[in-house]
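# Summary of structural features
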Amino acid sequence: MVRLSRRDALRSIGLGGMSLAIAATGCGTDEGESEMEETETPAGPQTYALPPLAYKSLEPVIDDATLALHHDKHHAGYVKGANAAVEALQQARAAGDYQLIKNHERALAFHGSGHALHTLYWTSMWPAGRGQPSAEMKAAVEDSFGSAEKMLAQFAAATKAVEASGWGVLAWEPLGKRLVVLQAERHQDLTLWGCVPLMVCDVWEHAYYLKYQNRRAEYVDAWAKIIDWDSVNRRFAAAVA
Ligand code: MN
């Protein structure tokens, strides 16, 4: 009997680096016998892979040219960079040569975070938006921010105000058991360790410049119309489980 783990099944359909996040939410494959069988198999490292988009267009909020370049070129570059960093570290260990360790660790943090955030970005959006905050998500938003309007206002303000290139992030902070809004500069800076990102908005210029030019605020305001609450709700449920 061929025992295909959920990880292998996900990898075989090209989700690659997304598989851990999806497996954690239990939405990638059927729950049941197959899950029980795979618990014996240790989870090994895997090569990062560019996840396919689940939609063809996010017009008119994000133009098709930007979507294609952003996914096929920019995100693909971070996947390649993360795999190269992993390989460089493997070679350094094999050779016992750590002279370039700072470069390798920086590359892993930058490209690995770039891959993680872009993977979340594509699944933070849906054409014309999708769903609403779940009852649990809504309660957490109200506990943490006062109201959904206040959360979205802080998220938009923080995202618009990111210095240079970076991200707006809505995250679950498990020690304080609250939702927080963070800014990320580049991909890896200004994080709050332990947080689980739930919804991210890319404000590197490559995310909006073809359509919005220097009008980042206009892009961020339009972006709120295409939030995929179904995905955000699923990540929240997994984070607090
Ligand atoms: Mn980007």
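Look above for the structure.
Now for a look at the structure at hand.

### Section: the side chain of Asp 228
- Within the fold, Asp 228 resides in the loop between helix H9 (216-223) and helix H10 (229-240).
- Excluding residues within four positions of it along the chain, Asp 228 makes contact with Thr 123, Ser 124, Met 125, Trp 126 and Arg 130.

### Focus on the packing of helix H4 (residues 64-95) against helix H5 (residues 101-122)
- It is the contact of H4 with H5, at a shortest axis distance of 8 Å, that shows an interaxial angle of 145°. For the element pair H4 and H5, the recorded crossing hand is left-handed.
- A class-by-class count of the residues in the contact of H4 with H5 yields 15 nonpolar, 12 polar and one charged.

### Examining helix H6 (residues 135-145)
- Every buried residue of H6 is listed here: Met 137, Ala 140, Val 141 and Phe 145. Each buried residue of H6 sits inside an arc of 100° when the element is viewed along its axis, so together they form one side. Exposed and oriented more than 90 degrees from the buried face of H6 are Ala 135, Glu 136 and Asp 143.
- Contacts made by the buried residues of H6 are with helix H7 (148-160), strand E1 (166-173), strand E2 (178-185), strand E3 (196-202) and H10.
- Positive phi appears at Gly 146, one or two residues downstream of H6, with a value of about 100°.

### Brief notes about the sheet that holds E1
- Ordered by their spatial adjacency, three strands build an open sheet running E2-E1-E3, and the pairing between neighbours is antiparallel. Of all the strands in the sheet, the pair left with one neighbour each is E2 and E3. Across this sheet, the average inter-strand angle for adjacent strands is 20°, counted without regard to direction.
- Across eight bridges, E1 lies against E2 in antiparallel orientation. Residue pairing for E2: Val 169 is matched across the bridge by Leu 182.
- Seen against the sheet, H6 touches E1, E2 and E3 and runs at an angle of roughly 75° to E2.

### Overview of the pattern of salt bridges
- Under the definition given, this model contains six salt bridges.
- Residues Arg 130 and Asp 228 are paired through a salt bridge, measuring 2.9 Å at the closest nitrogen-oxygen approach. You can see Arg 130 sitting in the loop between H5 and H6 and its partner Asp 228 sitting in the loop between H9 and H10, a full 98 residues away along the chain.
- Residue Asp 228 is classed as buried on the basis of its relative accessible area, which comes to 1%.
- Across the pair Asp 221 and Lys 160 runs a salt bridge whose closest N-O atoms are separated by 2.9 Å. On the criterion of sequence distance, the pair formed by Asp 221 in helix H9 and Lys 160 in helix H7 is long-range, its members being 61 residues apart.
- Residue classification places Asp 221 among the partly exposed residues on the basis of a relative accessible area of 42%.
- When salt bridges that share partners are traced, they join Arg 130, Asp 228 and Asp 230 into one network.

What counts, and at which threshold
- Residues numbered from 1 in each chain as written.
- Predicted model: local features only at pLDDT ≥ 70, side-chain atom pairs only at ≥ 80, totals over all residues.
- Heavy atoms only, no water.
- Helix = DSSP H or I, 4+ residues; strand = E, 2+ residues; numbered from the N terminus.
- Contact = heavy atoms within 4.5 Å.
- Axes fitted to C-alpha atoms, helices over the stretch in contact; angles between N-to-C directions.
- Left-handed = near helix turned anticlockwise from the far one by under 90°.
- Nonpolar A, V, L, I, M, F, W, Y, C, P; charged D, E, K, R; others polar.
- Buried < 20%, exposed > 50% of the residue type's maximum accessible area, 1.4 Å probe, protein only.
- Arc of directions from axis to C-beta.
- Pairing = 2+ DSSP bridges.
- Salt bridge = Lys/Arg side-chain N within 4 Å of Asp/Glu carboxyl O.

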